[in-house]
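The primary structure of each chain is shown beneath.
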Amino acid sequence: MSGTTRLGVNVDHVATLRQARGTKTPDPVAAAVAAELAGADMITVHLREDRRHIQDRDVRVLREVVSTRLNLEMAVTDEMLAIALQVQPDLVTLVPERREERTTEGGLDCTASDERIERVVRELKAAGIPTSLFIDADTQQVRAAQATGADMIELHTGDYALATSSKLQRRELARIRVAAANGRASGLQIAAGHGLDYRNVGEIARIGEIEELNIGHSIVGRAVLVGFDRAVREMIAAMRVGEAS
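Source: prediction; values computed, not measured. (Residues numbered from 1 in each chain as written. Predicted model: local features only at pLDDT ≥ 70, side-chain atom pairs only at ≥ 80, totals over all residues. Heavy atoms only, no water.)

Draft legend 1. Region of the structure containing the overall build of the protein. Secondary structure assignment for the protein yields 11 helices and 8 strands. What you see for the protein is a C-alpha radius of gyration of 17 Å, in line with the 18 Å of a compact globule of 245 residues. Across its three principal axes, the protein shows a C-alpha extent of roughly 45 × 40 × 35 Å. Put simply, the protein has 245 residues, and 50% of those count as buried. Contacts in the protein between residues at least 24 apart in sequence constitute 68% of all its contacts with a sequence separation of at least 6. Of the roughly 11000 Å² of accessible surface on the protein, 50% is carried by carbon and sulfur atoms. Distance between charge centroids for the protein: 4 Å, based on 31 positive and 36 negative side chains. (Helix = DSSP H or I, 4+ residues; strand = E, 2+ residues; numbered from the N terminus. Rg over C-alpha atoms; globule rule 2.2 N^0.38 Å. Buried < 20%, exposed > 50% of the residue type's maximum accessible area, 1.4 Å probe, protein only. Contact = heavy atoms within 4.5 Å. Areas by Shrake-Rupley, 256 points an atom, 1.4 Å probe, with all protein chains shown as cover. Lys, Arg positive; Asp, Glu negative; His and termini not counted. Charge placed at Lys NZ, Arg CZ, Asp CG, Glu CD.)

This is the structure we're talking about:
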């Protein structure tokens, strides 16, 4: 989809449904195949320390099956680094992780843990694996992320998605625009994600510096009602409408 924002489909919550019953279905690998056939440009999974949804087996099989790109989200730990080096995903996105959180809350603090992040980025790069850092839309964080040697940043859009008024949403959108522009000026590739759905994705897709969106929960929720193929195609359509307006 040259010249347009790419869509990475996160299939974590297909695995959440599976793990709720401890069975083999629904299979996130099957969802990934359906997403690619519907036009997704990348498949994203987060292998968490507590293995609450995606399992090690899922990552290994996805590496064999995914025909677009595989983005492995992971915490900045030696365990996850070893897995990434073994699996060789097309992209690693470093994210913060706390066991008590329901989902990822906010971005990495690159200013507080830059040495640790720099080491992981360096080892991944040596293995030929590009890296992205999931950060808040903050100028200081963008600057710190660029200093780590990462190739890309993914801007956290959760505050924008959860804004309770149009005023707050506009403020968060402005922060994302500034961070995206600063990141691009620093030579970083720009992605965005978290909390995006069919109604709010258009404004983010319209930001020219943003090359890629990672969206999971809203697509999986829609797929429960209409199927994965249609859910992915509807999200791509919503992105295109936003880009054109």
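That covers the picture; the talk isn't over yet.
Draft legend 2. Main features of the side chain of T44. Note that T44 resides in strand 2 (residues 42–46). Residue class for T44 comes out buried when judged on its relative accessible area of 0%. Side-chain polar atoms of T44 contact the side chain of N71, separated by 3.2 Å. When residues no more than four places from it in sequence are discounted, the contact partners of T44 are V9, N10, V11, D12, N71, E73 and N214. (Polar contact = N/O pair within 3.5 Å; in protein donor to acceptor, adjacent residues only side chain to side chain.)

Draft legend 3. Structural context of the sheet that holds strand 4 (residues 91–94). On the basis of which strands lie adjacent, the closed barrel formed by 8 strands has the order 1-2-3-4-5-6-7-8 and parallel pairing. Taken over all neighbouring pairs, the strand axes of this sheet differ in orientation by 25° on average, direction set aside. Taken together, the 4 bridges between strand 5 (residues 131–135) and strand 6 (residues 152–156) define a ladder with parallel strand orientation. Across the sheet, I135 pairs through a bridge with L155, a residue of strand 6. (Pairing = 2+ DSSP bridges. Axes fitted to C-alpha atoms, helices over the stretch in contact; angles between N-to-C directions.)

Draft legend 4. Looking closely at helix 10 (residues 217–226). Along helix 10, the residues classified as buried are S218, I219, V220 and A223. Its buried side turned inward, helix 10 meets strand 1 (6–10), helix 1 (12–21), strand 8 (212–215) and helix 11 (228–244). Following helix 10 by one or two positions, G227 has its phi on the positive side, about 100°.

Draft legend 5. Main features of a nonpolar patch on the surface. Side chains of L17, V224 and L225 sit close together on the surface and give an oily, nonpolar patch of about 330 Å² of accessible area. Along the polypeptide, L17 turns up in helix 1. (Patch = residues over 30% accessible without salt bridge, like charges linked within 9 Å, V, L, I, M, F, W, Y side chains within 5 Å. Salt bridge = Lys/Arg side-chain N within 4 Å of Asp/Glu carboxyl O.)

Draft legend 6. Broad picture of the environment of V224. Within the secondary structure, V224 is located in helix 10. Spatially, the C-alpha atom of V224 lies 25 Å from that of R63, the residues being 161 residues apart in sequence.

Draft legend 7. Region of the structure containing the pairing of strand 6. The element strand 6 is extensively covered by neighbouring structure, given that 5 of its 5 residues are classed as buried. Of the two faces of strand 6, the one carrying M152, E154 and H156 and the one carrying I153 and L155 are both buried. Once you follow strand 5 into helix 6 (residues 139–147) and on to strand 6, the crossover reads as right-handed. The pairing of strand 6 with strand 7 (residues 189–193) spans 5 bridges and is parallel. (Right-handed = clockwise from strand over helix to strand, strands pointing away.)

Draft legend 8. Molecular detail of the pairing of strand 1. Of all 5 residues in strand 1, 4 are buried; the element is thus mostly enclosed. As paired strands, strand 1 and strand 8 are joined by 4 bridges and run parallel to one another. When the sheet's bridge partners are listed, L7 is paired in strand 8 with L213. By the bridge criterion, 3 bridges tie strand 1 to strand 2 in an arrangement that is parallel. When the bridges of strand 2 are listed, N10 appears paired with T44.

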